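Structural overview
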Amino acid sequence: MYELKTKQNDDSVIEFIETVDSPRKKEDAYQLLDIFTEVTGYPAKMWGPSIIGFGLYHYKYDSGHEGDAPLVGFSPRKAKFSLYFATGNPKREELLSKFGKHTSGKACVYINKLADIDVEVLKDLIKQSMTFLRETYPDASN
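Fair warning: this is a prediction, and the values are worked out from it, not measured in the lab.

Residues in a regular strand project their side chains so that they alternate between the two faces of the sheet. The two faces of strand β5 (residues 66–69) differ: G67 and A69 on one face are buried, but E66 and D68 on the other face are not. Across four bridges, strand β4 (residues 57–60) lies against β5 in antiparallel orientation. Across the sheet, H58 pairs through a bridge with D68, a residue of β5.

Below, the structure written as structure tokens:
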């Protein structure tokens, strides 16, 4: 049976952020930590070695694959920040059109630095993602 590699753990979020090489990226990571904590109301938890997640939901796909994931999160990767929001949310694209300089994949939104984006839209993306996941997965942490 497949086992998820990215699980919530007790590693220190602060110690992880302190390993970020770039001073600007480290400062942005602390600002993102504050924003996500304030908007979600959840404490930051490490997921795997490099994702900072907030909240929790359990998903189960039609294929039978299931697991736990954070409601939202971010990771200060070497090249860019990865921001994790719900996929399948119809309001996501509308918000991203007002977000600022970014690229996006299926599950992630990538930004170079906090100064490139509208922080108020970031807060809306966080809220909308959490709302969407709670509606989709009623057992998601409230």
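Looking now at helix α4 (residues 119–136). The end-to-end C-alpha distance of α4, which contains 18 residues, comes to 26 Å, matching closely the 26 Å that a straight helix rising 1.5 Å per residue would cover. Restricting attention to buried positions, one finds in α4 the residues V121, L122, K123, L125, I126, Q128, S129, M130, F132 and L133. Elements in contact with the buried residues of α4: α2 (23–40), β4, β6 (72–76), β7 (81–84) and α3 (92–96). Where α4 begins, the side chain of D118 points an oxygen toward the backbone nitrogen of E120, at a separation of 2.9 Å.

In this description, an aromatic ring pair is defined by two values, namely the gap between the centres and the angle between the planes. If you walk through the whole model with that rule in mind, you get five aromatic pairs. Seen in terms of ring centroids, F36 and F74 are 5.3 Å apart; in terms of plane orientation they differ by 40 degrees. Their pairing is tilted. With F36 in helix α2 and F74 in strand β6, this pair connects stretches of sequence that are 38 residues apart. There is no split in this pair, since F36 and F74 are both buried. Seen in terms of ring centroids, Y57 and Y59 are 6.1 Å apart; in terms of plane orientation they differ by 55 degrees. Their pairing is tilted. The buried category is assigned to Y57, whose relative accessible area is 13%. An aromatic cluster is present here, built from F36, F54 and F74 joined pairwise through their rings. Between the NZ or CZ atom of K25 and the centre of the ring of F81, over which it lies, the distance is 5.2 Å.

Okay, the side chain of T40 next. Considering the arrangement of structural elements, one finds T40 in helix α2. Residue classification places T40 among the buried residues on the basis of a relative accessible area of 10%. Ignoring any residue separated from it by four or fewer positions in sequence, one finds T40 in contact with F54, V72, I126 and M130.

Here the focus is the packing of α2 against α4. The N-to-C vectors of α2 and α4 enclose an angle of 45 degrees; their axes lie 10 Å apart at closest approach. When the interaxial angle is binned, α2 and α4 end up oblique. The two elements α2 and α4 meet at a crossing, and its hand is right-handed. Only V119, L122, K123, I126, K127 and M130 of α4 make contact with α2, whose side of the interface consists of L32, I35, F36, E38, V39 and T40. Here the contact of α2 with α4 is composed, by residue class, of eight nonpolar, one polar and three charged.

What follows is about the environment of C108. Position of C108 among the secondary structure elements: in strand β9 (residues 108–111). Here the alpha-carbon distance between C108 and A86, two residues 22 residues apart in the chain, equals 8.8 Å. In this structure C108 touches S82, L83, Y84, R92 and T103, once residues within four positions along its chain are discounted.

Definitions and cut-offs
- Residues numbered from 1 in each chain as written.
- Predicted model: local features only at pLDDT ≥ 70, side-chain atom pairs only at ≥ 80, totals over all residues.
- Heavy atoms only, no water.
- Buried < 20%, exposed > 50% of the residue type's maximum accessible area, 1.4 Å probe, protein only.
- Helix = DSSP H or I, 4+ residues; strand = E, 2+ residues; numbered from the N terminus.
- Pairing = 2+ DSSP bridges.
- Expected span 1.5 Å × (residues − 1).
- Contact = heavy atoms within 4.5 Å.
- Polar contact = N/O pair within 3.5 Å; in protein donor to acceptor, adjacent residues only side chain to side chain.
- Phe/Tyr/Trp six-rings, centres within 6.5 Å; stacked < 30°, edge-to-face > 60°.
- Lys NZ or Arg CZ within 6 Å of the ring centre and 35° of its normal.
- Axes fitted to C-alpha atoms, helices over the stretch in contact; angles between N-to-C directions.
- Parallel < 35°, antiparallel > 145°, perpendicular 65-115°, else oblique.
- Left-handed = near helix turned anticlockwise from the far one by under 90°.
- Nonpolar A, V, L, I, M, F, W, Y, C, P; charged D, E, K, R; others polar.

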